[in-house]
Amino acid sequence: MRKAKRITLLIVVLIIAFVAHTLISTGYFRTIENQFDGTVIKKIPLPGVEDITISRIDSFALISSTNRLIYPPKEEEQGGLYAVELKSGNFNVTHLTASLKKPFAPHGISMFKKDSTYKIMAVNHTLKGHSIEVFSMNNTTLTHEKTLTDPSLISPNDLVMIDENRFYFTNDHGYTKGVGKFFEEYGGLSVSNVIYFDGKKFIEAANGIGYANGINFDPKRNLLYVASPRRFHIKVYSRNPDGSLDFIEDIPCGTGVDNIEIDNQGNLWSGAHPNLLRFKAYAKGKKETAPSEIIKVEYRGNNDYTVEKIYVEDGKTMSGSSVATPFKDFILTGNVMDNKFLILKTN
């Protein structure tokens, strides 16, 4: 009888410890105080603008948009890629994939310019599985070139192109169902990874990551960054000539970092989820809003960094922020499920 009581007590203690760890590590107790030194200058009606990347050479933004009611989706979604011109200040939008005749629900995106042509890649989620769609673009004419699939696309989230053929992508889960997925999301089990495509084959480049999400590469510093929202940090790797990665360090961010964009000075910008449990409830349609946050990280190396809060908001203006990228004194910021995305202007 005493042994049974001890076992029962131990189980109760473990459950309490697990729940406490989950609540603390997901930002459940964080107080959200609205903060932004600027204004919202435009709301553009596009749904689920999960990822945005900018060509500063040609002054336009590439946008990934998917109309979703819940996340992860349970029904076939239809989305598209859009271009937003940035020169005039009018932020005119062009639908690039209006003529695409295949199921297309884009998630993470990346582009690479060679000569006058852009190569564009997008993570695609359909009921038949995951893929990476490859396009070429001249001016605003987008042409679908091919579809890449591989068993390594377990739960692809974001990708970054190294050149027109090589790229890295993140799997945000190591498990896609069952107990494994439960402990990844609530216990913080770090089993997701980064996959490298060398132009011919897919190779695991990094693993042991807690919900690998946004990814980006700074060729000037030869550094690859991976967001780990479940751990509230950005992982830093150096890239070797064969595509393999050497882990350098983690940058604690204090929030659930999502996509990562890099400005002209090499600073990292991320749309983030300060309360992961609230975001999960919102994504499942159980809450009307979820808080949003935008951070800027100045990384100098050797555990030397500055994390600045640019925008913090309770979710009434924008819920579930997932990406932020600056252009001059504007910030384009997207989200997972809202029916619009915001353009901010700093003071």
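Conventions we followed
Residues numbered from 1 in each chain as written. Predicted model: local features only at pLDDT ≥ 70, side-chain atom pairs only at ≥ 80, totals over all residues. Heavy atoms only, no water. Helix = DSSP H or I, 4+ residues; strand = E, 2+ residues; numbered from the N terminus. Rg over C-alpha atoms; globule rule 2.2 N^0.38 Å. Contact = heavy atoms within 4.5 Å. Areas by Shrake-Rupley, 256 points an atom, 1.4 Å probe, with all protein chains shown as cover. Lys, Arg positive; Asp, Glu negative; His and termini not counted. Charge placed at Lys NZ, Arg CZ, Asp CG, Glu CD. Salt bridge = Lys/Arg side-chain N within 4 Å of Asp/Glu carboxyl O. Buried < 20%, exposed > 50% of the residue type's maximum accessible area, 1.4 Å probe, protein only. Pairing = 2+ DSSP bridges. Axes fitted to C-alpha atoms, helices over the stretch in contact; angles between N-to-C directions. Polar contact = N/O pair within 3.5 Å; in protein donor to acceptor, adjacent residues only side chain to side chain. Phe/Tyr/Trp six-rings, centres within 6.5 Å; stacked < 30°, edge-to-face > 60°. Core = buried A, V, L, I, M, F, W, Y, C linked by side-chain atoms within 4.5 Å.

## A closer look at the overall build of the chain
Scanning the chain from N- to C-terminus turns up 3 helices and 25 strands. Radius of gyration (C-alpha) of the chain: 20 Å, near the 20 Å computed for a compact globule of 347 residues. On the principal axes, the C-alpha backbone points of the chain span a range of 75 × 45 × 45 Å. Sequence separation of at least 24 residues holds for 52% of the intrachain contacts in the chain that already meet a minimum separation of 6. Of the roughly 16000 Å² of accessible surface on the chain, 53% is carried by carbon and sulfur atoms. Side chains of the chain give 41 positive and 38 negative charges; the mean places of these two sets differ by 6 Å.

## Here's the deal with the pattern of salt bridges
Summed over the entire model, instances satisfying the criterion amount to 12 salt bridges. When the shortest N-O distance is used, the salt bridge between Arg30 and Glu293 registers 2.8 Å. With a gap of 263 residues between them, Arg30 in the loop between helix H1 (2-25) and strand S1 (35-36) and Glu293 in strand S21 (residues 292-301) connect regions that are remote in the sequence. Residue classification places Arg30 among the partly exposed residues on the basis of a relative accessible area of 24%. For Arg300, the salt bridge goes to Asp304, with nearest N and O atoms at 3.0 Å. With relative accessibility at 36%, the residue Arg300 sits in the partly exposed group. Connected through shared salt-bridge partners, Glu298, Arg300 and Asp304 make up one network.

## Re the sheet that holds strand S18 (residues 245-252)
Within the open sheet, the 4 strands sit side by side as S15-S16-S17-S18. Their pairing is antiparallel. Lying at the two open borders of the sheet, with one neighbouring strand each, are strand S15 (215-218) and S18. Pairwise comparison of adjacent strand axes, ignoring direction, gives a mean angle of 25° for this sheet. As defined by bridge partners, S15 adjoins strand S16 (residues 223-228) across 4 bridges and the pair is classed as antiparallel. Counterpart to Asn216 in the pairing with S16 is Tyr225.

## Some points on the sheet that holds S21
The sheet built from 5 strands is open, its strands ordered S1-S22-S21-S20-S19 with antiparallel pairing. Either end of the sheet is taken by a strand with one partner, and the two such strands are S1 and strand S19 (256-262). Where strand S20 (residues 268-273) and S21 come together, 5 bridges link them in antiparallel fashion. Directly across from Leu268, in S21, lies its bridge partner Val297.

## What about helix H3 (residues 276-283)?
Of all 8 residues in H3, 6 are buried, a share of seventy percent or more. Looking only at H3, the buried set comprises Leu276, Phe279, Lys280, Ala281, Tyr282 and Ala283. For H3, the elements touching its buried residues are helix H2 (178-187), S19 and S20. Residue Asn275 occupies the N-cap position of H3, its side-chain oxygen lying 3.3 Å from the main-chain nitrogen of Leu277. Positive phi shows up at Gly285, right after H3, with a value of about 80°.

## Considerations on the packing of aromatic side chains
What the rule picks out here adds up to 16 aromatic pairs. Considering the side-chain rings of Phe182 and Phe183, the 5.4 Å spacing of their centres and the 90° angle between planes classify their relative orientation as edge-to-face. Owing to a relative accessible area of 39%, Phe182 belongs among the partly exposed residues under this scheme. Among the aromatic residues, those joined into a ring-pair cluster are Phe18, Phe182, Phe183 and Tyr186.

## Examining the nonpolar core
Grouped together as the largest cluster of nonpolar side chains are 17 residues, with contacts concentrated most on Ile52, Ile63, Leu86, Leu332 and Phe341. For this core, the secondary structure elements donating two or more residues are strand S3 (49-55), strand S4 (60-66), strand S5 (79-85), strand S23 (321-327), strand S24 (330-335) and strand S25 (341-346). Beyond its immediate sequence surroundings of up to four residues, Ile52 is in contact with Ala61, Leu62, Ile63, Ile109, Glu261, Val323, Thr325, Leu332, Thr333, Gly334 and Phe341.

## Some details on unusual backbone geometry
For Phe232, which is not a glycine, the phi torsion comes out positive at approximately 60°. By secondary structure assignment, the location of Phe232 is in the loop between S16 and strand S17 (233-239). Of note, Lys328 is a non-glycine position whose phi angle comes to about 55°, a positive value. Inspection of the secondary structure puts Lys328 in the loop between S23 and S24.

Keep in mind these numbers describe shape, not what the thing actually does.
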